[in-house]
Amino acid sequence: MSGFKRSVVSYAMPLAALVMAVAVRAGGLSADEGSLGVRILVGALSSAIMFITIFVVLDHAEAVARRVGEPYGTLVLTFAVTAIEVSIIVSMMLHGENNPTLARESVFSTVMIASTGVVGTCLALGGWRHRKQAIVRQGTSAYLAVLIALTIMTLILPTYTQATGPGTFSAAQLGFVSVLSVLLYASFVFAQTVRHREDFIEGQARDVSLRTVPHESVFAGTLLLLIGLIGIVMLAEQVAASVENTLVAYQVTQADSIVGALIAGLVLMPEAISAVRASLNNELQRGLNVAMGSACATIGLTIPAVAAASLLTGRGLTLGLPATDTVLLILALFICNVSFSTERTTFLTGAVHIVVFLTYLFLIFVP
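Residues numbered from 1 in each chain as written. Predicted model: local features only at pLDDT ≥ 70, side-chain atom pairs only at ≥ 80, totals over all residues. Heavy atoms only, no water.

### Re the confidence of the model for the protein
When pLDDT is averaged along the protein, the result is 80; 84% of the residues meet or exceed 70. Every residue in residues 204–214 scores below 50 in pLDDT, and together they form 13 contacts with partners more than four places removed in sequence or on other chains. (pLDDT = per-residue confidence, 0-100. Contact = heavy atoms within 4.5 Å.)

Printed below as a string of structure tokens:
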């Protein structure tokens, strides 16, 4: 009976999220409309449905991932989450007045949460349960090389260019860097899935097809995954807009940083849970593939998409990080480089990442 109830929930929640999102829009109950009581009620209901749907979508994504095998399974969730983030950022860029730093804060938060928070939790919990865990050094080094190149080109370089003001690219520079980002990420995906596939699969993952997987077909799982993601995107836009309006109303400083961290946290939640589960199952490389893959995809795909929206709409886009965030980003990348320099990780390795993550969180509220 419990299996039947679980099946009903897994099919019903993606549809419920989509229906709720459509009803909110059709009924004129957005974060900017209606009485305060109605907005609070709609916001609470939207948040509850969205969070439940996130976990349901995660189950469908993992079922599809198990069916198609690694590393293709990891890409299913990575592309889905990236689509969510792009949709939310672009919709919020076009929401109300121009917000040129929102994309920067969201992408920076995604990189910090993935490379320190998610990776640190995976390493710490996996190391605590299994004492030492193995990684495929070639694969993690490839992730890190792509991540370093993309982050410095898109989040640090704009602060030092001379064509426009600090932190911004000219239209030509923005287009050039966006094209390079897409090409580099496409090259990485080709290497991950075709040319050097073995570099991203550890021993446990090679035999994943022998494990018990849900009986859900790939088509059904993919369809429910897409329906759920569309519903999450539309509801997350509602929730994030409500938070943004509340922060503005109370004149909270660092509002962009808080909203950016919120967006990153929402869209990374399925991947974070999937990565931690993999680490606890002693599939650390799969967990790192999910965590680092989300960071690479965020920069390689989100920045070009947001740049295109900026160029088409004429709304300004500020990508260069301030000094404090630049230091934190470089520290996070340096710690990743040290952690992945050997083929074994322990609890202590994860603790170092978590310390950097907590510092990032603290400085959001106490800059």
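### A short note on the pattern of salt bridges
Following the criterion strictly, the structure yields 1 salt bridge and no others. Residue Arg104 is joined to Glu105 by a salt bridge in which the shortest nitrogen-to-oxygen separation is 2.8 Å. The exposure class assigned to Arg104 is buried, which follows from its relative accessible area of 10%. (Salt bridge = Lys/Arg side-chain N within 4 Å of Asp/Glu carboxyl O. Buried < 20%, exposed > 50% of the residue type's maximum accessible area, 1.4 Å probe, protein only.)

### Overview of the packing of aromatic side chains
Aromatic ring pairs are reported here in terms of the distance separating the ring centres and the angle at which the planes meet. Scanning the entire structure with this criterion turns up 5 aromatic pairs. Measuring from centroid to centroid gives 5.3 Å for Trp128 and Phe347, while their planes differ by 65°, and the two rings are edge-to-face. Of this pair, Trp128 sits in helix H4 (residues 102–130) while Phe347 sits in helix H12 (residues 347–365); the two residues are 219 residues apart in sequence, bridging distant segments of the chain. For Trp128, a relative accessible area of 67% puts it in the exposed group. Relative to Tyr360, the ring of Phe357 lies with its centre 6.2 Å away and its plane at 35°, an arrangement referred to as tilted. Of the two residues, Phe357 and Tyr360 both sit in helix H12, 3 residues apart, roughly one turn of that helix. Here Phe357 matches Tyr360 in class, with each residue buried. Taken together, the ring pairs in this structure connect Phe108, Phe357 and Tyr360 into an aromatic cluster. (Phe/Tyr/Trp six-rings, centres within 6.5 Å; stacked < 30°, edge-to-face > 60°. Helix = DSSP H or I, 4+ residues; strand = E, 2+ residues; numbered from the N terminus.)

### A word on the nonpolar core
By size, the foremost hydrophobic cluster in this structure holds 93 residues, and its most contacted members are Met50, Phe108, Leu329 and Tyr360. Ranked by residue count, the leading element in this core is helix H10 (residues 284–313), at 13 residues. Met50 has contacts with Ile232, Leu235, Ala236, Val239 and Leu266, leaving out every residue within four places of it along the chain. (Core = buried A, V, L, I, M, F, W, Y, C linked by side-chain atoms within 4.5 Å.)

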